[in-house]
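Take a look at the letters that make up each chain.
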Amino acid sequence: GKRVKGVQIYRPFVYGTTARPFNDTDNPRPAGVPLDHTHSWQVFVKGIEDTDIFYWLRRVQFKLHESIPNHLRTIDAETIMKENEGKGKKQRAFVVNETGWGEFEITIKLYYDSKSGEKPQTLYHHLRLHPYGRTEAEKEAMRNGGEVIAWTYEEQLFNEPFEEFYKILTSG
Ligand code: SLL
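Remember, it's a predicted structure, so these values are computed and weren't measured experimentally.

### Some details on the site of the ligand
Next up, step 1: Taken together, His-37, His-65, Ser-67, Ile-68, Pro-69, Thr-99, Gly-100, Trp-101, Gly-102, Glu-103 and Phe-104 form the complete shell of residues around the ligand.
Next up, step 2: Measuring from an oxygen atom of the ligand, one finds a backbone N or O atom of Trp-101 at 2.9 Å.
Next up, step 3: In the model, an oxygen atom of the ligand is placed 3.3 Å from a nitrogen or oxygen of the Gly-102 main chain.
Next up, step 4: In isolation the ligand exposes 460 Å². Once the protein is present, 68% of that is buried.

As structure tokens, this is what we get:
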């Protein structure tokens, strides 16, 4: 295929984790979750303000800590879109929900639409369960809503995309 010369396309996205400690009120430990698990958490990749990214990002593989059963989690946009059919509120994120007790580094591998010709890209993200501000005020702010969030805003650059992929990128 031919590339579109001199053209750069940027697509913003967010990835990261949101963690909440178990408590007796709004986040009780579900039945069957081991007693040493202290938090529920999720890791995700999604568009800014839940905009669609499934047209350019086709699959995300999350590699969790090996202590977690089935620690390689692969999520296909196709599968989410099928599950979305006929639903009012559509799932826009690649997301894994888990529980646990410890922090660790998550490897996030992004797979693009095959027409892009782009190789998969790997991101690294540290799962945060505990507030990590420098001051008590920063930590308190981070505990707001009982959540510890660690989110990274990124822009995906497609440099001189193939014509066919350029059409996909710009017809949304
Ligand atoms: C630590 N280096 O020692 C880290 C390892 C591993 C966290 C943290 C297990 C969850 C499960 C879990 O939370 N592992 O058993 O499903 O802090």
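### Re the sheet that holds strand 8 (residues 148-159)
Think of a sheet as strands paired side by side through backbone hydrogen bonds, with each pair either parallel or antiparallel.
Next up, step 1: Strand order in the open sheet made by the four strands is 5-2-1-8, with antiparallel pairing throughout. At either end of the open sheet lies a strand with only one pairing partner, and these are strand 5 (94-100) and strand 8. Across the sheet, the mean angle separating the axes of adjacent strands is 15° when strand polarity is ignored.
Next up, step 2: Where strand 2 (residues 39-47) meets strand 5, seven bridges bridge the pair, whose relative direction is antiparallel. Across the sheet, residue Val-43 finds its bridge partner in strand 5, namely Val-96.

### Considering the pairing of strand 3 (residues 57-63)
Next up, step 1: Sheet topology places strand 3 next to strand 6 (residues 105-112); six bridges connect them, and they run antiparallel. Residue Arg-59 lies in a different strand from strand 6, and its bridge partner there is Tyr-111.
Next up, step 2: Bridging between strand 3 and strand 4 (residues 72-76) involves five bridges; their strand directions are antiparallel. Residue pairing for strand 4: Lys-63 is matched across the bridge by Leu-72.

### Concerning the pattern of salt bridges
Next up, step 1: All told, the structure shown has eight salt bridges when counted by the stated rule.
Next up, step 2: When the shortest N-O distance is used, the salt bridge between Lys-5 and Glu-160 registers 3.8 Å. A residue pair is termed long-range when its members are at least 10 positions apart, and Lys-5 in the segment before strand 1 (8-21) and Glu-160 in the loop between strand 8 and helix 3 (163-170) qualify at 155 residues.
Next up, step 3: Among the ionic pairs, Arg-58 bridges to Glu-78, the shortest N-O distance being 2.6 Å.

Thresholds, definitions, all that
Residues numbered from 1 in each chain as written. Predicted model: local features only at pLDDT ≥ 70, side-chain atom pairs only at ≥ 80, totals over all residues. Heavy atoms only, no water. Near = heavy atom within 4 Å. Polar contact = N/O pair within 3.5 Å; in protein donor to acceptor, adjacent residues only side chain to side chain. Areas by Shrake-Rupley, 256 points an atom, 1.4 Å probe, with all protein chains shown as cover. Pairing = 2+ DSSP bridges. Helix = DSSP H or I, 4+ residues; strand = E, 2+ residues; numbered from the N terminus. Axes fitted to C-alpha atoms, helices over the stretch in contact; angles between N-to-C directions. Salt bridge = Lys/Arg side-chain N within 4 Å of Asp/Glu carboxyl O.

Geometric values such as these leave the question of function open.
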